[in-house]
Amino acid sequence: MSKYYTIGLLIVSNIFMTFAWYGHLKLQQAKVFTSSTPLIMVILCSWLLALPEYACQVPANRMGFVGNGGYYTLMQLKVIQEVVSLSVFTVFVTLYFNEESLHWNHLAAFCCLIMAVYFVFMK
């Protein structure tokens, strides 16, 4: 069960990370932040979102790591995290930023990610 819990925490972590890293751009479009909003204010707001990200990311890696009784090697954890990160980002961009859309090359990139997962888990 903890292998799924690890992946669930990675998904939640990456949702917070994506909003922390890119959400301020949408807030600027919505005029919540303007180009004159001090950068330190934007950074502090992003840090508030980064805290729950780390609160999920660190336990996911600790419980998922085979050295702590988990199911995944460090390489596998990193590849899972990257696939989750890019998947969450893709959903975020297509739903939150209406001017972005998916193209054939994005599908090709996801096929490469699937191959990366296959190869990293290959015995």
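Please refer to the structure placed before this passage.
Please read these numbers as outputs of a predicted model, since none were measured by experiment.

Engineer: Tell me about the overall build of the protein, residues and numbers included.
Structural biologist: Scanning the protein for helices and strands turns up four helices and zero strands. Each helix and strand of the protein, placed in order from N terminus to C terminus, yields the pattern α-α-α-α. Sorting the 123 residues of the protein into buried and exposed places 28% on the buried side. A fraction of 71% describes how many contacts in the protein between residues 6 or more apart in sequence connect residues 24 or more apart. For the protein, the exposed area adds up to about 8,300 Å²; of that, 73% sits on carbon and sulfur atoms. Charged side chains of the protein number 6 positive and 4 negative; the gap between the two group centres comes to 11 Å.

Engineer: So what's going on with the nonpolar core? Which residues, and what values?
Structural biologist: Listed in full, the nine residues of the largest apolar core are Leu9, Leu10, Cys56, Ala60, Tyr72, Leu77, Ile80, Val84 and Val88. Those elements giving two or more residues to this core turn out to be α1 (2-29), α2 (39-64) and α3 (74-96). A per-element tally of this core places α3 first, with four residues. Ignoring sequence-local partners within four residues, the contact set of Val88 consists of Ile11, Asn14, Ile15 and Thr18.

Engineer: Could you give an account of the packing of aromatic side chains, with specific residues and numbers?
Structural biologist: Evaluated as defined, the whole model comprises nine aromatic pairs. Seen from their ring centres, Phe92 and Phe97 are 5.8 Å apart, and the 65° between their planes marks the pair as edge-to-face. Pair check on accessibility: Phe92 and Phe97 agree, each one buried. Linked through ring pairs, Phe19, Phe92, Tyr96 and Phe97 together constitute an aromatic cluster. Taking NZ or CZ as reference, Lys26 lies 5.9 Å from the ring centre of Tyr96, over its face. Geometry around Phe97 places Lys26 over its ring, the cationic atom sitting 5.6 Å from the centre.

Engineer: Go over α2 with me, naming the residues and quoting the values.
Structural biologist: Given a rise of 1.5 Å per residue, 26 residues ought to cover 38 Å, and the 36 Å separating the end C-alpha atoms of α2 matches this to within 8%. Most pronounced at Leu49, the bend in α2 amounts to some 25°, and the proline Pro52 follows within four residues. Summarising the contacts, the buried residues of α2 are in contact with α1 and α3.

Engineer: Account for the pattern of salt bridges, naming residues and giving values.
Structural biologist: Between side chains of opposite charge, a pair can form as their charged atoms come close. Inspection of every chain in the model, using the stated rule, returns one salt bridge. A salt bridge links Lys78 to Glu82; the shortest N-O distance between them is 2.8 Å. Linking Lys78 with Glu82, this pair stays in helix α3, spanning four residues, or about one helical turn.

Engineer: Explain the environment of Val79 residue by residue, including any values.
Structural biologist: When you line up the elements, Val79 lands in helix α3. Taking relative accessible area as the criterion, Val79 reaches 18% and is therefore assigned buried. In this structure, the C-alpha to C-alpha distance between Val79 and Ala109, residues 30 residues apart in sequence, is 14 Å. Not counting residues up to four positions away in its chain, the partners in contact with Val79 are Ala116, Val117 and Val120.

How each quantity is defined
Residues numbered from 1 in each chain as written. Predicted model: local features only at pLDDT ≥ 70, side-chain atom pairs only at ≥ 80, totals over all residues. Heavy atoms only, no water. Helix = DSSP H or I, 4+ residues; strand = E, 2+ residues; numbered from the N terminus. Buried < 20%, exposed > 50% of the residue type's maximum accessible area, 1.4 Å probe, protein only. Contact = heavy atoms within 4.5 Å. Areas by Shrake-Rupley, 256 points an atom, 1.4 Å probe, with all protein chains shown as cover. Lys, Arg positive; Asp, Glu negative; His and termini not counted. Charge placed at Lys NZ, Arg CZ, Asp CG, Glu CD. Core = buried A, V, L, I, M, F, W, Y, C linked by side-chain atoms within 4.5 Å. Phe/Tyr/Trp six-rings, centres within 6.5 Å; stacked < 30°, edge-to-face > 60°. Lys NZ or Arg CZ within 6 Å of the ring centre and 35° of its normal. Expected span 1.5 Å × (residues − 1). Bend = angle between axes of the 7 residues up to and from the residue. Salt bridge = Lys/Arg side-chain N within 4 Å of Asp/Glu carboxyl O.

Geometric values such as these leave the question of function open.
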